[in-house]
Amino acid sequence: MTKSTSTVYPYRLRLPGPTSIPERIRLATARPILNHRGPEMRTILGEIQDLIKPLFGTQAPVLTFSTSGTGVMEASLANVLAPGEKVLALVHGQFGERYAQIARALGAEVDVVESEWGYVPNTEVIAAKLETAAYRAVIAVHNESATGAVTDLAAIGALLRDRDTLLLVDSVSGLGGMELQQDEWGVDIVVTGSQKALMCPPGLAFASVSEKARKVIERDDRCARFYLDMRKALAVVDKNETAFTCPVSLLLGVHEALKIIHEEGLPQVFARHRRLSNALRAGCVGLGLPAFGDLTVASSTVVVASVPAPLTGGEIVKHMYDNYNTAIAGARNKLSGKVIRIGTMGDISEADVMTDLYYLEQSLSALGHNVPTPGCGIAAAIEALR
Ligand code: PLP
């Protein structure tokens, strides 16, 4: 019998993305395919625009791309970088590194402001760096999924308001689970994916484009782009169309997901993410797994817990999967072995957090870790929820 058919331990997807998909959304993705340029699809695309803009905190158009998060990170750069232009990359984790790599791959000259993993970039350091060159863009990760640190985008946006430099932001694992105010904070392009707080299958990505960014995107064509050309997408977005065949099923899923999010209420969704991430973090600390990084900037959508030696993150991940059919994450970077990561985004409740902590306690004990007292993780989580 394969694990996923176990009735004792049903499969639990507890990664920081992809996340598990509520039944209503799965059923929406199973609906018959619509004409991708027909009136029904235009209605769906129009409603998605209206429903998704509050998640970005923008009045700007939100473009749809059939790609994963990395593809739309690439799109954000490919559409604004002319050959030889400079980029300032804020790097404090794996996804910041990836954004910088994409910029380099596209031929940009990339300067880096590097901060310790688990912490966020210092605004004064960024301000000083901005005086040294004419950057086309600053690239930042809103919610660094590798470390669980949340960047102060408002502070960075304020530095760029009176400059030509654009602020491009990867909020693949933040949007929908935590506050984002693109217009107010002065962010020019925000990119995100479907498989995290949006509770949908992977494969669909969005990018919102400010007026300031649009002027750069639409300038004379020195950027190499075709499928990810935002000019093509911008030309049809107001007609509720996409430039190329849209992923109909995924869009039906996102449409349903956005309805679910607004039924709960966006402030309530953010509060739930905050409450449950705090509870899970407290529970991990109770079990003897200290929170990784700077707690003052801790994420609402992912909990990153340090693993004390001689235990390794990989052993815990394997034990949770082998014994409890529960998929959590370790690290695929320099934190490998040192942390575990559990998603607290999308369709999660207190019950998920308590179950995580119960299985985690069992796994830690089985691996020889000295759990302080039976149930101490769950007790700490309950205390945090009070
Ligand atoms: N950025 C962040 C912050 C992420 O968490 C991820 C995925 O985990 C990505 C980018 C890359 O997205 P994808 O794997 O969908 O390409």
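Keep in mind the model is a prediction, meaning the values are calculated, not measured.

**Some thoughts on the overall build of the protein chain**
- Helix and strand counts for the protein chain stand at 14 helices and 13 strands.
- Here the protein chain has a C-alpha radius of gyration of 21 Å; the compact-globule value for 386 residues is 21 Å, and the two agree.
- Referenced to the eigenvectors of the C-alpha coordinate spread, the extents of the protein chain come out at roughly 65 × 55 × 35 Å.
- Per-residue burial for the protein chain yields a buried fraction of 58% across its 386 residues.
- Sequence-distant contacts in the protein chain: of pairs separated by 6 or more residues, those separated by 24 or more amount to 73%.
- If you sum the accessible surface of the protein chain, you get close to 15400 Å²; carbon and sulfur atoms cover 53% of it.

**Comments concerning the domain arrangement of the protein chain**
- On domain assignment, one finds that the protein chain holds domain 1 (3-16 + 266-385) and domain 2 (23-262).
- Taking the mean C-alpha position of each, domain 1 and domain 2 sit 28 Å from one another.
- At the interface, 23 residues of domain 1 touch 24 residues of domain 2.
- Regarding the contact of domain 1 and domain 2, the summed buried area is about 2000 Å², with carbon and sulfur atoms giving 64% of it.
- Looking at the side of domain 1 facing domain 2, the largest losses of area belong to L266, F270 and V297, adding up to 26% of the total buried there.
- In this structure, the connection of domain 1 to domain 2 is made through zero salt bridges.
- One can count nine residue pairs in polar contact (both at pLDDT 80 or more) joining domain 1 with domain 2.
- Per-element accounting of the side of domain 1 that touches domain 2 gives the leading share, four residues, to helix α11 (residues 266-286).

**Some thoughts on the side chain of S277**
- One can find S277 in helix α11.
- A polar contact of 2.8 Å, which involves the side chain of S277, links it to the backbone oxygen of H273.
- For S277, the contacting residues outside a window of four places in its chain are S299, S300, V303 and T344.

**Focus: helix α13 (residues 350-366)**
- Helix length check: α13, at 17 residues, gives a terminal C-alpha distance of 24 Å against a target of 24 Å (1.5 Å per residue), a fit within 8%.
- Residues of α13 that are buried: V353, M354, D356, L357, Y359, L360, E361, S363 and L364.
- Elements that come into contact with the buried residues of α13 comprise β1 (12-13), α11, α12 (313-324), β12 (326-327), β13 (339-343) and α14 (376-385).
- Trailing α13 by a residue or two, G368 shows a phi angle of about 90 degrees, which is positive.

**A short note on the environment of G368**
- Relative to the assigned elements, G368 resides in the loop between α13 and α14.
- Overall, G368 belongs to the exposed group, its relative accessible area being 63%.
- Each C-alpha atom of the pair G368 and G118 lies 27 Å from the other, and the pair is 250 residues apart in sequence.

**Here's the deal with the site of the ligand**
- The ligand sits among 13 residues. The nearest are S68, T70, S145, D170 and K196.
- Take D170: an N or O atom from its side chain is 2.5 Å from a nitrogen atom of the ligand.
- The separation between an oxygen atom of the ligand and a polar side-chain atom of Q195 is 2.8 Å.
- Bound to the protein, the ligand loses 86% of the 390 Å² it would expose on its own.
- Of all the cavities here, the one that holds the ligand is the largest pocket.
- For the shell around the ligand, the secondary structure elements donating two or more residues are α3 (69-78) and α4 (94-105).

**What about the pattern of salt bridges?**
- Within the structure shown, the criterion is met by 20 salt bridges.
- Linking R275 and E350 is a salt bridge whose minimum nitrogen-to-oxygen distance equals 3.0 Å. Taken as a pair, R275 in helix α11 and E350 in helix α13 lie far apart in primary sequence, 75 residues in all.
- On the accessibility criterion, R275 (35% relative accessible area) is partly exposed.
- Three or more residues are tied together by salt bridges with common partners; here these are R24, E256, K259 and E263.

**Topic: the packing of aromatic side chains**
- Inspection of every chain in the model, using the stated rule, returns six aromatic pairs.
- Judged by centre distance (5.2 Å) and plane angle (90 degrees), the rings of Y9 and Y324 are edge-to-face. With Y9 in the segment before β1 and Y324 in helix α12, the pair connects residues that are 315 residues apart, well separated along the chain.
- For Y9, a relative accessible area of 29% corresponds to the partly exposed category.
- For Y324, a relative accessible area of 11% translates into the label buried.
- An angle of 35 degrees between the planes, with centres 6.1 Å apart, marks the rings of F226 and F244 as tilted. Taken together, the residues span a long stretch of sequence, with F226 in the loop between α8 (211-217) and α9 (230-237) and F244 in the loop between α9 and α10 (248-264) at a distance of 18 residues.
- Members of the aromatic cluster, each reached through a chain of ring pairs, are Y9, Y324, Y358 and Y359.
- A cation over a ring is seen here: K232 above F226, with NZ or CZ 3.8 Å from the ring centre.

**Thoughts on the confidence of the model for the protein chain**
- On average, residues of the protein chain score 97 in pLDDT, and 98% of them reach the 70 mark or higher.
- Highest mean pLDDT in the protein chain belongs to strand β9 (residues 189-193) (99); lowest belongs to α8 (97).

What counts and how
Residues numbered from 1 in each chain as written. Predicted model: local features only at pLDDT ≥ 70, side-chain atom pairs only at ≥ 80, totals over all residues. Heavy atoms only, no water. Helix = DSSP H or I, 4+ residues; strand = E, 2+ residues; numbered from the N terminus. Rg over C-alpha atoms; globule rule 2.2 N^0.38 Å. Buried < 20%, exposed > 50% of the residue type's maximum accessible area, 1.4 Å probe, protein only. Contact = heavy atoms within 4.5 Å. Areas by Shrake-Rupley, 256 points an atom, 1.4 Å probe, with all protein chains shown as cover. Domains from an automatic or database assignment. Buried area = accessible area lost by both parts, 1.4 Å probe. Salt bridge = Lys/Arg side-chain N within 4 Å of Asp/Glu carboxyl O. Polar contact = N/O pair within 3.5 Å; in protein donor to acceptor, adjacent residues only side chain to side chain. Expected span 1.5 Å × (residues − 1). Near = heavy atom within 4 Å. 1 Å grid on protein atoms, 1.4 Å probe; cavity = no way out; pocket = protein on both sides within 12 Å on 5 of 7 lines; lining within 4 Å. Sits in = over half its atoms within 2 Å of the grid points. Phe/Tyr/Trp six-rings, centres within 6.5 Å; stacked < 30°, edge-to-face > 60°. Lys NZ or Arg CZ within 6 Å of the ring centre and 35° of its normal. pLDDT = per-residue confidence, 0-100.

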